[in-house]
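Commentary on secondary and tertiary structure
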Amino acid sequence: MAGGKKAAAYPAPQFCSVKPSATPAPRLDLAPARASAIRTVRKKWLNGTVLHYCFLDTGGPDRPPGQPDAVRHAITEWKDLGIGLDFREVDDSSEAEVRISFKGDKSESAVGRDVLQVPRSQPTTSYGWDLTDASGHATALHEFGHVLGFEHEHQNPNTGIEWNDEVVYAALAQPPNRWDRPTTFFNIIRKLDPSEVEGSPFDKDSVMEYAIRPGWIRRPKQLRLQGIPEPLSLSATDKEDVLVWYPALVAQPHLLKPRESVLLPTGVGDQVDFAISPTATRKYSIGTFGDADVLMALFERVNGELRYVTAEDDSGEDRNARLGVKLFKGRNYLLRARIYSAWGAGEAALMHW
């Protein structure tokens, strides 16, 4: 789970806890470039995914009205950038990948595809304070940034920040946070793996940044003296980065025919979509061939909506992804394949028969 952000008058900044991801790390014996590529891509959604979300509660009488609408507005703001993801609100929590609660005093969210590891009975995203003012709107944007797969900006290894560790530990041990040292380390001081930010420069205006108090940072001098003010909106870099991972969808995906193989892209995070229209009802094998780590998912088009059928993730396992599935004549399917990494000699290809 990744923590939220909250503006508060100094000396009592309120942040939320960040919990280690349940997503397994790549094998230790993988080549560094390959392991880095897997970490970069693993939490991001397949482009074109429809994320269903629901509200588990409204937070009770101690919360202002309009909390759900504030989240809806934040989702719309991300969506209106033209990204290739869609979001649909549902009433049944069993149908929702993203489950939102307004109870408690924490704002936090699982990051990207980590929401799929959260038990269906539990929220994946929590909002612990008022979302109806400017700061609250930024919090709603921030948490949904985590849902999209983005981490905290102040933990970018390219920040050049050297923390005044003991000052930070002491401050966050006090109310309202009451964090122990491991929690503070994981939230604030810990640096992300360089692969997780793809070498991007530090963006202090990112909505994924916290407001950082002056004195918490030793270096650079400017941040030591001024701190980092709370960003209240999506930055230019936020908008650019989300479109790198989730560009507008291609209107007509390539038609994949029986016994046909098609080259896959080779760039980290590249994705390709294939339409499948079976001419006979029977079992099919859909697979990748060559030297690549691939996430592959199959969907069926039902009443204009894509319904998940099955998926395969072969990242870091030195094998090719393979789906064995019964497809039906007259139905339409969409296969999506995203590349973690491609390496060595040979070509990656996709085929079904």
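Report follows, based on the coordinates. Because the structure is predicted, anything quoted here is derived from the model rather than measured.

**Some words on the overall build of the chain**
Helix and strand counts for the chain come out as 8 helices and 17 strands. Here the chain holds 353 residues, and the buried ones make up 51% of them. Considering only contacts within the chain whose residues lie at least 6 apart along the sequence, 77% involve residues at least 24 apart. As presented, the chain carries roughly 15,900 Å² of accessible surface, and 52% of it is formed by carbon and sulfur atoms.

**Looking at helix H5 (residues 181-189)**
Within the sequence span of H5, burial applies to Thr-184, Phe-186, Asn-187, Ile-188 and Ile-189. Residues of H5 that are buried in the fold lie against strand E7 (162-163) and helix H4 (165-172).

**Describing the packing of H4 against H5**
Closest axis-to-axis distance for the H4/H5 pair is 10 Å, and the angle between their directions is 115°. Crossing geometry of H4 relative to H5 is assigned as right-handed. Where H4 abuts H5, its residues Asp-165, Glu-166, Val-168, Tyr-169 and Leu-172 lie against Arg-181, Thr-184, Phe-185, Ile-188 and Ile-189.

**Side note on the side chain of Thr-49**
Structurally, the position occupied by Thr-49 is in the loop between helix H1 (32-42) and strand E2 (50-55). Assessed through its relative accessible area of 12%, Thr-49 is described here as buried. At 2.6 Å, the side chain of Thr-49 and the backbone oxygen of Leu-46 are in polar contact. Excluding anything up to four places from it in sequence, Thr-49 contacts Gly-84, Leu-85, Asp-86 and Arg-336.

Conventions and cut-offs
Residues numbered from 1 in each chain as written. Predicted model: local features only at pLDDT ≥ 70, side-chain atom pairs only at ≥ 80, totals over all residues. Heavy atoms only, no water. Helix = DSSP H or I, 4+ residues; strand = E, 2+ residues; numbered from the N terminus. Buried < 20%, exposed > 50% of the residue type's maximum accessible area, 1.4 Å probe, protein only. Contact = heavy atoms within 4.5 Å. Areas by Shrake-Rupley, 256 points an atom, 1.4 Å probe, with all protein chains shown as cover. Axes fitted to C-alpha atoms, helices over the stretch in contact; angles between N-to-C directions. Left-handed = near helix turned anticlockwise from the far one by under 90°. Polar contact = N/O pair within 3.5 Å; in protein donor to acceptor, adjacent residues only side chain to side chain.

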